[in-house]
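Architecture at a glance
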Amino acid sequence: MPDRFDLIIIGAGPGGYVAAIRAAQLGLQVACIDKGPSLGGTCLNIGCIPSKALLDSSELYALAKSRFDRHGIKVGDVGLDLAKMMERKNRVVKGLTDGVAFLFKKNKITSMQGTAGLAGAKRVIVQKSDKESTTLEANAILLATGSEPAALSNLPFNGTTIVSSTEALTFDTVPGQLIVIGAGYIGLEMGSVWSRLGSKVTVLEFLPRIVPTMDAEIAVLLHKILEKQGLKFHLETKVTRATARGNQVVVEAETKSKAVSFEVDRVLVAVGRRPLTAGLGLEELGIIKDAKTGQVMVDEDYQTNVKGVYAIGDLIAGPMLAHKAQDEGVAFAERLAGQKAHVNYAAIPGVVYTWPEVASVGLTEEQTKERGQEYRIGKFPFAANGRARCLDETDGWVKIIADARTDRVLGVHILGPRASDLIAEAVNVIEFAGSSEDIARICHAHPTLSEAVREAALAVDRRAIHA
Ligand SMILES: Cc1cc2nc3c(=O)[nH]c(=O)nc-3n(C[C@H](O)[C@H](O)[C@H](O)COP(=O)(O)OP(=O)(O)OC[C@H]3O[C@@H](n4cnc5c(N)ncnc54)[C@H](O)[C@@H]3O)c2cc1C
């Protein structure tokens, strides 16, 4: 007899593990299966967490090397122990993945390691090893298998010199020359890590700008700042071929006017991610996917066209972000339990963890224009913010887009120190349908970076105090 549960979840990433915990809190018997050796999915093991651990370590290294002096701090020769930096990153990851295992135990969730696939609308087969498999049954099955790096057909990964972000998180030496293909957030974050640690980094991007989903004005400024930090960019450049030559790779590309080639140590292909559905048995059950993107199609309950089979996270439409997957996990579990939860897709922040950071929520200026909406803009530079000056972090600004008639905040875009934390205030205001006047009237502690958000809100009405 197969083991029976109320809910079986395939995938223990931020979507799956959060759904499992919330469903267990609501009294459901839950089993969660993951093929990986530890819980937490892409985010905790090979995504958000290890990349941020390396970004934080490499930023400290860069500060110690070139900026301490400006604060009057004298240090001797600053050296790099890459193995130790990687060990620290691995410890951070292990602490957090162990934490998820603890939460599973605490919430009495059955956790299973193995590769799972659907064997019917209410049945899952888990292949635990070559020889061992088990069958589970439930009235509800949640697919949360996430995504995998997209490869370029003319540039297949070889795991050593032509790699995805997974390998770029574990290089054991600093590449002398690194090509990053793709100027999205993963390419820029990993490019920043290796550039700070000493690589000569060149970013090749097919489009005419970097971070294509972000506000264009912010993208232009970020481009300039990263160039000042030493990253080189070739925009409107199409990579045509890469050939491994011993330990080197020759990358050939075409710009608008000429063919170019680069001989480098490593190539990081960061051109996006695609939903991971192989082996899940979707075709056999007739589960409908988007023909173009491969994303699983769901309704407002996250239910696929097959009753009782649900999907969330990177597997479905929307930004491929951990917090979006988590929020969907909570909403899915609560709706399954008969509650009325929902995710506000208009208030999902996006962050690029370069230094300075970029964070944004809501509409970009381009999207606002496309909608034909009348708007006003307030901007405030960090150079005029007291705390930013104390920190010696004056690059960037806050930009607020507000409806010209109602003053409702439509979008907030921040380029600056700790933008990732500052954006939370804007997310709150957008969630509560607030106005720029609301932000302007709220008392902000002094001296803090958050005062720049308030000043930008005042600037919407041309009454910023400090600019
Ligand atoms: C380098 C990098 C940096 C990132 N940084 C950020 C960031 O800073 N902020 C952010 O919000 N997002 C970030 N992301 C994106 C984020 O990791 C994903 O959006 C998020 O992990 C998606 O969650 P998920 O639960 O949908 O899927 P995943 O986290 O991908 O988890 C899916 C899980 O399913 C398992 N699985 C797949 N198929 C099967 C199967 N057949 N049987 C059993 N198990 C299976 C996998 O092993 C995996 O553990 C980053 C991604 C990368 C690659």
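In this report, we go over the structure that sits alongside the text. (Residues numbered from 1 in each chain as written. Predicted model: local features only at pLDDT ≥ 70, side-chain atom pairs only at ≥ 80, totals over all residues. Heavy atoms only, no water.)

Bringing the overall build of the protein chain into the picture now. Counting its secondary structure elements, the protein chain contains 14 helices and 22 strands. The C-alpha radius of gyration of the protein chain comes to 24 Å, within 12% of the 23 Å expected for a compact globule of 467 residues. C-alpha atoms of the protein chain, sized along the principal axes, occupy 70 × 60 × 45 Å. Per-residue burial for the protein chain yields a buried fraction of 51% across its 467 residues. Considering only residue pairs separated by 6 or more positions, the protein chain has 62% of its internal contacts joining residues 24 or more positions apart. Summed over all atoms, the accessible surface of the protein chain reaches about 21900 Å², with 52% contributed by carbon and sulfur. Between the averaged position of the 54 positive side-chain charges in the protein chain and that of its 54 negative side-chain charges there is a distance of 1 Å. (Helix = DSSP H or I, 4+ residues; strand = E, 2+ residues; numbered from the N terminus. Rg over C-alpha atoms; globule rule 2.2 N^0.38 Å. Buried < 20%, exposed > 50% of the residue type's maximum accessible area, 1.4 Å probe, protein only. Contact = heavy atoms within 4.5 Å. Areas by Shrake-Rupley, 256 points an atom, 1.4 Å probe, with all protein chains shown as cover. Lys, Arg positive; Asp, Glu negative; His and termini not counted. Charge placed at Lys NZ, Arg CZ, Asp CG, Glu CD.)

This paragraph deals with the nonpolar core. Residues Ile 9, Phe 104, Val 124, Leu 143 and Phe 332 are the most contacted members of the largest nonpolar core, which totals 55 residues. No other element matches the 7 residues that helix α1 (residues 14-25) contributes to this core. Counting 36 residues, the second-largest nonpolar core is a separate cluster that includes Tyr 61, Leu 82, Ala 183 and Leu 268. (Core = buried A, V, L, I, M, F, W, Y, C linked by side-chain atoms within 4.5 Å.)

For the rest of this paragraph, the subject is the sheet that holds strand β14 (residues 259-264). If you trace the 3 strands from one edge of the open sheet to the other, you get β12-β13-β14, paired in antiparallel fashion. Only two strands of the sheet have a single neighbouring strand rather than two, namely β12 (238-245) and β14. Ignoring which end each strand starts from, the neighbouring axes of this sheet average 20° apart. Looking at chain direction, β12 and strand β13 (residues 248-254) are connected through 7 bridges and run antiparallel. Paired with Arg 241 across the two strands is Glu 252, which belongs to β13. (Pairing = 2+ DSSP bridges. Axes fitted to C-alpha atoms, helices over the stretch in contact; angles between N-to-C directions.)

A separate point is the pattern of salt bridges. Evaluated as defined, the whole model comprises 26 salt bridges. Residue Glu 334 is joined to Arg 22 by a salt bridge in which the shortest nitrogen-to-oxygen separation is 2.6 Å. With Glu 334 in helix α9 (residues 322-336) and Arg 22 in helix α1, the pair connects residues that are 312 residues apart, well separated along the chain. Both residues of the pair, Glu 334 and Arg 22, count as buried. Three or more residues are tied together by salt bridges with common partners; here these are Asp 215, Glu 217, Glu 365, Lys 369, Lys 379 and Lys 399. (Salt bridge = Lys/Arg side-chain N within 4 Å of Asp/Glu carboxyl O.)

In the region of the ligand, 40 residues are neighbours, and Gly 15, Asp 34, Thr 42, Lys 52 and Ala 322 sit closest. Met 320 places a polar main-chain atom, nitrogen or oxygen, 3.3 Å from an oxygen atom of the ligand. Protein chains shield 95% of the accessible area of the ligand, which is 1000 Å² for the free molecule. Going through the elements one at a time, α1, β2 (30-34), α2 (41-46), α3 (48-66), β4 (115-118), α6 (185-196) and α9 are the ones with two or more residues in the shell around the ligand. In terms of residues, the shell around the ligand owes the most to one element, α2, which gives 4 residues. Here the shell around the ligand is composed, by residue class, of 18 nonpolar, 17 polar and 5 charged. (Near = heavy atom within 4 Å. Polar contact = N/O pair within 3.5 Å; in protein donor to acceptor, adjacent residues only side chain to side chain. Nonpolar A, V, L, I, M, F, W, Y, C, P; charged D, E, K, R; others polar.)

Moving on to the packing of aromatic side chains. All chains considered together, the criterion is met by 2 aromatic pairs. Measuring from centroid to centroid gives 5.2 Å for Phe 171 and Trp 194, while their planes differ by 45°, and the two rings are tilted. Of the two residues, Phe 171 is situated in the loop between α5 (165-168) and β9 (177-181) and Trp 194 in helix α6; the sequence distance between them amounts to 23 residues. Each of the two residues, Phe 171 as well as Trp 194, counts as buried. In this arrangement the basic side chain of Arg 266 is found over the ring face of Phe 171, its NZ or CZ atom lying 4.4 Å from the centre. Over the ring of Trp 397 we find Lys 379; its NZ or CZ atom is 4.6 Å from the centre of that ring. (Phe/Tyr/Trp six-rings, centres within 6.5 Å; stacked < 30°, edge-to-face > 60°. Lys NZ or Arg CZ within 6 Å of the ring centre and 35° of its normal.)

Turning next to the pairing of β14. Only one face of β14 is buried, namely the one carrying Val 260, Phe 262 and Val 264, since none of Ala 259, Ser 261 and Glu 263 on the opposite face is buried. Pairing analysis gives 6 bridges linking β13 to β14, with the strands arranged antiparallel. Within the sheet, the bridge partner assigned to Ala 253 lies in β14 and is Val 260. The turn linking β13 back onto β14 is made up of 4 residues.

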